[in-house]
Amino acid sequence: MAFLRVSWRRHLPLGLLALFLVVFLTGCSPEGYPQSTLSPKGDFAELVDAVFMKTVWWATVIFILVEGALLYAVFKFRGKPDDPEPKQVHGSTVVEIIWTVIPAAVLAFVAVPTVQTIFRTAEIPAESPDGQQPLKVEVIGHQWWWEFRYPELGIITANELHVPVGRTVDLRMKTVDVLHSFWTPQFAGKRDVFPNRETRLWFTAQESGSYPGACAEFCGLQHGKMLFLVVASAPAEFDAWVAQRMQDSVTVAPTPVADSTAAEALPTTLAVDPLVAEGEKLFTAKACAGCHSLKAVGGPAVMVGPNLGGIGSRQMIAAGWMKNTDENLKHWIQNPQEVKEGVLMRGYTLSDAEAEALVAFLRTKQ
Amino acid sequence: MTTTTATLDQHGHEADHAAHHTSLPIDNRKLAIWVFIGSECMFFATLISTFLVYAGQSLKGPFPKDIFEVPLVTAGTAVLLFSSFFVVMALDGAQKGDRKKLLTWLSLTVMCGVFFAGMQVYEFYHFYHLGLGYTTNLFSASFYTLTGFHGAHVVLGTLWLGTLLKDAIKGRIPPKKSLNLEMAALYWHFVDVVWIIIFPVVYLMQLRS
Amino acid sequence: MATTVLEPTRTASLARRSVIVDWLTTVDHKKIGIMYGAWAFIFFIIGGIEALIIRTQLARPEATLVSPDFYNQLFTMHGTTMIFLAVMPLSAMFFNFFVPLLIGARDVAFPRLNAMSLWVFVLGGLFLNASFLFGTAPNGGWFGYAPLSGRQYSPGPHMDFWVLGLQILGIASLAAGVNFFTTILNMRARGMTLMRMPMFVWTTLITQVLVLLSFPVITVALILLMADRLFGSGFFVTAMGGDPMLWQHLFWVFGHPEVYILILPAFGIISEILPVFSRKPLFGYSAMVFSSAFIAFLGFGVWSHHMFSTGMGPLADSFFSLATMLIAIPTGVKIFNWIGTIWGGSLQFKTPLYFALGFIAMFIMGGLSGVMHAVAPADLQQTDTYFVVAHFHYVLFGGSILALTAGAYYWWPKMFGKMLSERLGKLHFWTTMIGFNLTFFPMHFAGLLGMPRRVYTYPSGLGFDVYNMMATVGAFFLAGSILVFIWNVIVTWRSGERAPADPWNGATLEWTIPSPPPMWNFTDEPVVAGKDPVWTLKREAGTRTLPEPVAGDGRGIHMPGPSWWPLVVSIGILSFFVGFMFDKPWAFPFGPVTIVGFLLTTFGTFKWAYEAPDAHATNH
């Protein structure tokens, strides 16, 4: 940025152009910029990117011409105090018409693709590129986390949206409290969520990977920590994820094991680490179960807290804020208000041993 | 500086401003009232829009059809309409220096204002006892807000006209000061016109909702 | 007051008191203008300090300098302050001081109403900022989106301060709107037809139209929100059938014209400065007038471009996209005409010209990123990101503030009779430019790389870190440039060169009278025969400097006297609104403080009405 300090006026236009180019080149490489709007990984974002880039190039041309003219005039028409009065020009109708018409024409070049893109992005495709029906997902905003429901699969999950590569996702969105905005820059633009009406958005992921997203409408105290991940995976992997959710939900019957004979009949449960068993007990005893369901499928329809089915295998916790390590998870359940002041999960007195047991238990929920 | 102010001030009270030049053939104060009315149009347009956006959106009653008393409001509307005519007559009296005419019609105008405000107080009281509190539903909140602000304008206008009536009785509105009344009259016409919109939009059009 | 202040002699005490009384009761548009400027500058500094705390918090990822709640208070108050308490009143300073001078009038149409506008603004601004003393500053964003701004999600007095404070400030703006609209239409010197008015007067006039038509809308919106918060109605409560979208529409029907309220006066200032320092008339005067009017007109038809992400549907999106793009045409005309003005001129590189040229350079960039937002699909990526933050700081700081600074350097000699230092002025300019671009240019990248706005912190690893650090460094540099300005004022105040009546070879009427002007402005009411009347005068006299005018003693000129009632009414208005906050325990929605305020306002208004009337406003 040295040019900004030295002789700003002379180098600005070229410098800006160079900076623009640099950012586009770097922005196009997803490494280091996983939330970039400039490296689309889905069709919706690609459409947006195309019209945006068109606008940027026009803007760059106009920028160079107009700032160039300004700079030229500034250097060319320097005067001294005792110079004679310059020619008194009051205007020129011809020139003024020209510089009204030309920008209007340039705008037309921007306006046409804009309207085309508006209509193309507004229409939710009836069929995915892979020939299937789009996958329906209900997105529900909460202060300050995201709930995702797959009505066709019966799955409820939170803060980590799993989508198959190549299949269009049809998002139907609302909120249970204040406005939020669902934004996953590499796949699509933002869409606000409202408490009293459903908004729609769609995209088709083109490459597998984990893509961060964020709430983009100010929603109160922890707006800054209302993040999420979109995990795009090959269809087979996605199916495996779905199957895992189903299986998990069946084996985690909430009823505690009552008698030893029944327990013996289930050797898998018996083989469980005592720490995990302790954690499972604590999950109910410490009232975790009051707000959180462990069943991604077939659990209660409405829960106050995020669904924890598969929490053990999620990449992030606390709505995308921390990596899901044992240490972080322990810290989070022991000190939620320290990590994220104001969340509904108040502090519970959990000894280190209890917290570790809970972590061990939650870790089993793959 | 203060001394200068004081000196100039003495001139100020006695000086004759009649010669003061205005760029447009309209007195500053009259122009200002027109500008103010223009701004007020946006105020009421927004309130009326809000009422219309929420018309029929209330989740529970009472609804307009349950409680509106059209005959009463029609009477109020008529009174307000007439008062606009009365104030024109009063202004004519003021401009011609016809003291009797001025006092007669201005008193009638003020009485109309008082009647209308009274009608509205009665109406609100009546509605309240039928279970329509301010926060009962969207209809009640938007209705009371809109008509309440209109009512406040009526009260303000009545106070203004009443003050002028007091001045007129004391003989303080000679023809060359008739502008004082003209401004109040302009404002009064505006308040009247707003009601002419509110009456059909809020009352007549909502009778079935 | 005299009893509590110990003074060496009684006369000194009296003199001291009368200076205070003089300023509290003045109806002189110039003193009112200076007070507007002084208070606005104080609020500007407060808003700037808020910005510095914000930038310090965001300098590094995952920082914990401030709590999330305090951060939300900071950015809400930063936006509210800069818009309503800094840029608008700084413009009002120039309206007040210079519109009467530019049109050759001795005062505004309603001098006491003008004083009331000032005091309502000052008290409203103090009220809003007083919320910090209780630790309950507004925290729901300057846009106060429902339902977050409602009772359920924003309990406590935070947003009450905002709802009531903005209503108070709205009264000040509306009163000033009526006043300046009337003044400009009706108080022009003989011969000054509309199409001979200086451009700053034109943009002021158009700004007042925008104020008069848009402020009632936000007033109603605030009343509805206040009813929801304080009385329990459900205008924006979905459980009662209310619709948060109504708030957004009402807010932006006001909010977008507000953008032009902030920038049009800046356009006017630039259009005054460029001709003087190019020594060449404004290029395409009529086009400048009509483009300003067209911008204002279009400004009322584009509000929903703030709402593309709400999913209004392709037809509405297309309409608002295209309407927004249209604004680029008259705005482009302005920029080209400014370049046309300096083209072929004899540029005199004084500080005002530096800032004016800086304004054009920066405003072009803000304008171009604005067109990018008009592209609705692109806006879906950009809205509520730092790209937007960069955009509107390029138009509001790079635009409005640079132009207001240019105006300050240009008109300072006239206002205070002292020249500001050119050396420090140029230092101020370069530090501003470096600091400004270092602060806001990187925000474009942060936004495009996915950084949302209004977040109190961000995780590392998303690539925002370096841009945020640059912006923070730039912000402190920018703060330093403001200190250079303050230093310039202090130094020249003490020992600066005395300003002549016409230091810049000006074209407009204010340069024909002494610096600072006498209370009555013009000893002889001027008569105008064309645009740039003072240039014509000098050309006819064959000189570049007219003889230094003499103020005289103003004998025979009558001016309106001072009055306490504007201040009394302002206090009444403040009390009326404040009452709604503190009287809540009462069963009735309002209580004694509100009633006292109402009575005080009514009483003050009556006393005002029966006081010796405004000199210009009556013919008795």
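Worth saying up front: this structure is predicted, and the values here are computed from it rather than measured.

Observations regarding the overall build of chain A
And then number 1: Assigned secondary structure in chain A consists of eleven helices and twelve strands.
And then number 2: Buried positions account for 42% of the 366 residues belonging to chain A.
And then number 3: Long-range contacts, defined here as pairs at least 24 residues apart, represent 67% of the contacts in chain A between residues at least 6 apart.

Some remarks on the overall build of chain C
And then number 1: For chain C, the helix and strand inventory stands at 17 helices and zero strands.
And then number 2: In terms of its C-alpha atoms, chain C occupies a principal-axis envelope of roughly 70 × 60 × 50 Å.
And then number 3: Of all 620 residues assigned to chain C, the portion counted as buried reaches 66%.
And then number 4: For chain C, the proportion of contacts with a sequence separation of at least 24, taken over those separated by at least 6, is 82%.

Some words on helix H11 (residues 352–363) of chain A
Residue and element names in this part refer to chain A.
And then number 1: Taking 1.5 Å per residue, twelve residues should reach 16 Å; H11 reaches 16 Å between its end C-alpha atoms and fits that length.
And then number 2: For H11, the set of buried residues is Glu354, Ala355, Ala357, Leu358, Val359, Ala360, Phe361 and Leu362.
And then number 3: Elements that come into contact with the buried residues of H11 comprise helix H8 (274–285) and helix H9 (326–334).

Side note on the environment of Gln206(B)
Residues and elements named next belong to chain B.
And then number 1: For Gln206, the location among the structural elements is in the segment after helix H7 (179–203).
And then number 2: Residues Gln206 and Ala55 lie 151 residues apart in sequence; the distance between their C-alpha atoms is 7.7 Å.
And then number 3: Discounting residues that sit within four places of it in the chain, Gln206 has contacts with Ala55 and Pro64.

Topic: the packing of helix H9 (residues 314–342) of chain C against helix H10 (residues 351–374) of chain C
Residue and element names in this part refer to chain C.
And then number 1: Contact geometry of H9 with H10 gives a least axis separation of 9 Å together with a crossing angle of 165°. Put simply, H9 runs roughly antiparallel to H10. Considering how the two elements wind past one another, H9 and H10 form a crossing that is left-handed. Contact residues: Ser321, Thr324, Met325, Ala328, Thr331, Ile335 and Trp338 in H9; Ile360, Ile364, Gly367, Val371 and Ala374 in H10.
And then number 2: By residue class, the composition of the contact of H9 with H10 is eight nonpolar, four polar and no charged.

A few points about the interface of chain C and chain A
And then number 1: Facing the 77 residues of chain C at the interface are 82 residues of chain A.
And then number 2: Within the residue set of the side of chain C that touches chain A, elements represented by two or more residues are helix H3 (68–102), helix H8 (285–299), H9, H10, helix H11 (376–382) and helix H13 (422–448) of chain C.
And then number 3: The leading source of residues in the side of chain C that touches chain A is H9(C), at 14 residues.
And then number 4: Its residues assigned to classes, the side of chain C that touches chain A comprises 48 nonpolar, 22 polar and seven charged.

Quick word on the sheet that holds strand E10 (residues 227–233) of chain A
Residues and elements named next belong to chain A.
And then number 1: In spatial order, the strands read E4-E10-E9-E6-E7; together these five strands make up an open sheet with mixed pairing. Strands at the two margins of the open sheet, each flanked by one partner only, are strand E4 (160–164) and strand E7 (191–193). Strand-to-strand, the axes of this sheet are offset by a mean angle of 25°, without reference to chain direction.
And then number 2: Relative to E7, strand E6 (residues 180–183) runs antiparallel, the two sharing three bridges. Of the residues in E7, the one forming a bridge with His180 is Val193.

Concerning unusual backbone geometry
And then number 1: Here the bond from Gln143(A) into Trp144(A) is cis, since omega is 0°, no more than 30 degrees from zero.
And then number 2: Position of Trp144(A) among the secondary structure elements: in the loop between strand E1 (135–142) and strand E2 (145–150).
And then number 3: In this model, Ala146(C) is joined to Pro147(C) through a cis peptide bond whose omega is 0°.
And then number 4: For Asn521(C), which is not glycine, the phi torsion reads 60° and is therefore positive.
And then number 5: Among the structural elements, Asn521(C) can be located in the loop between helix H14 (465–495) and helix H15 (533–541).
And then number 6: Its 25 C-beta neighbours within 10 Å are what place Asn521(C) among the buried residues.

Comments concerning the confidence of the model for chain C
Caution applies to low-pLDDT parts of the model: their predicted coordinates are not meant to be read in detail.
Residue and element names in this part refer to chain C.
And then number 1: The pLDDT averaged across chain C works out to 93; a share of 95% of its residues lies at or above 70.
And then number 2: Across chain C, element-level confidence peaks in helix H2 (residues 29–58) with a mean pLDDT of 98 and bottoms out in helix H1 (residues 10–25) with 74.
And then number 3: Scored below 50 in pLDDT, residues 1–10 makes eight contacts in the model with residues more than four places away or belonging to other chains.
And then number 4: The low-confidence segment residues 614–620 (pLDDT under 50) makes 24 contacts with residues lying over four places distant or belonging to another chain.

Section: the sheet that holds strand E8 (residues 199–204) of chain A
Note: strands within a sheet are paired through backbone hydrogen bonds, in either parallel or antiparallel orientation.
Residues and elements named next belong to chain A.
And then number 1: Spatially, the five strands line up as an open sheet ordered E3-E2-E1-E5-E8, and their pairing is mixed. With partners counted over all chains shown, the strands left at the sheet margins are strand E3 (155–158) and E8, one partner each. Strand-to-strand twist across the sheet, computed as the mean angle between neighbouring axes with direction ignored, equals 25°.

Some points on the environment of Ala376(C)
And then number 1: With respect to the helices and strands, the residue Ala376(C) is situated in helix H11.
And then number 2: For the pair formed by Ala376(C) and Met307(C), sequence separation is 69 residues and the distance between their alpha carbons is 9.6 Å.

Side note on helix H5 (residues 99–129) of chain B
Residues and elements named next belong to chain B.
And then number 1: Between the first and last C-alpha of H5 there are 45 Å, a value that for 31 residues agrees with the 45 Å anticipated at 1.5 Å per step.
And then number 2: Buried residues along H5 sit in contact with helix H3 (64–67), helix H4 (70–96) and helix H6 (138–169).
And then number 3: Immediately beyond the C-terminal end of H5, within one or two residues, lies Gly131, with a positive phi of roughly 95°.

Description of the pairing of E8(A)
Residues and elements named next belong to chain A.
And then number 1: A large share of E8 lies buried, amounting to five of its six residues.
And then number 2: Of the pairings in the sheet, the one linking strand E5 (residues 168–175) to E8 comprises six bridges and is antiparallel in character. If you follow Leu171 over to E8, its bridge partner there is Leu201.

Remarks on the packing of helix H6 (residues 199–231) of chain C against helix H7 (residues 244–278) of chain C
Residues and elements named next belong to chain C.
And then number 1: One can describe the packing of H6 onto H7 by two numbers: an axis separation of 8 Å at closest approach and a directional angle of 165°. By the angle between their directions, the pair H6 and H7 is classed as roughly antiparallel. Considering only the axes of H6 and H7, their crossing is left-handed.
And then number 2: Taken together, the residues of the contact of H6 with H7 break down into 23 nonpolar, six polar and two charged.

Looking at the arrangement of the chains
And then number 1: With two pairs of chains in contact overall, the contact-richest pair is chains A and C.
And then number 2: With no contact between them, chain A and chain B keep their nearest C-alpha atoms 12 Å apart.

Here's the deal with the pairing of E4(A)
Residue and element names in this part refer to chain A.
And then number 1: Within E4, five of the five residues are buried, which leaves it mostly tucked inside the rest of the structure.
And then number 2: Bridging between E4 and E10 involves five bridges; their strand directions are parallel. Directly across from Leu161, in E10, lies its bridge partner Val230.

Describing the confidence of the model for chain A
Residues and elements named next belong to chain A.
And then number 1: Summary statistics for chain A give a mean pLDDT of 88 and a share of 86% for residues scoring 70 or more.
And then number 2: The least confident element of chain A is helix H1 (residues 2–5), whose mean pLDDT is 42; the most confident is E6, at 98.
And then number 3: Across residues 1–6 the pLDDT falls below 50, and counting only partners more than four positions away or on other chains, this stretch makes eight contacts in the model.
And then number 4: Overall, residues 252–270 carries pLDDT values under 50, and its contacts beyond four positions in sequence, including any with other chains, amount to eight contacts.

Section: the environment of Ser67(C)
All names here are of chain C.
And then number 1: Following the sequence through the fold, Ser67 ends up in the loop between H2 and H3.
And then number 2: A tally of 14 C-beta atoms within 10 Å means that Ser67 is categorised as partly exposed.
And then number 3: Considered as a pair, Ser67 and Leu600 are 533 residues apart in the sequence and their alpha carbons are 40 Å apart.

Criteria and cut-off values
- Residues numbered from 1 in each chain as written.
- Chains lettered and ligands numbered in written order.
- Predicted model: local features only at pLDDT ≥ 70, side-chain atom pairs only at ≥ 80, totals over all residues.
- Helix = DSSP H or I, 4+ residues; strand = E, 2+ residues; numbered from the N terminus.
- Buried ≥ 20, exposed ≤ 12 C-beta atoms within 10 Å, placed from the backbone.
- Contact = placed C-beta atoms within 7 Å.
- Expected span 1.5 Å × (residues − 1).
- Axes fitted to C-alpha atoms, helices over the stretch in contact; angles between N-to-C directions.
- Parallel < 35°, antiparallel > 145°, perpendicular 65-115°, else oblique.
- Left-handed = near helix turned anticlockwise from the far one by under 90°.
- Nonpolar A, V, L, I, M, F, W, Y, C, P; charged D, E, K, R; others polar.
- Pairing = 2+ DSSP bridges.
- pLDDT = per-residue confidence, 0-100.

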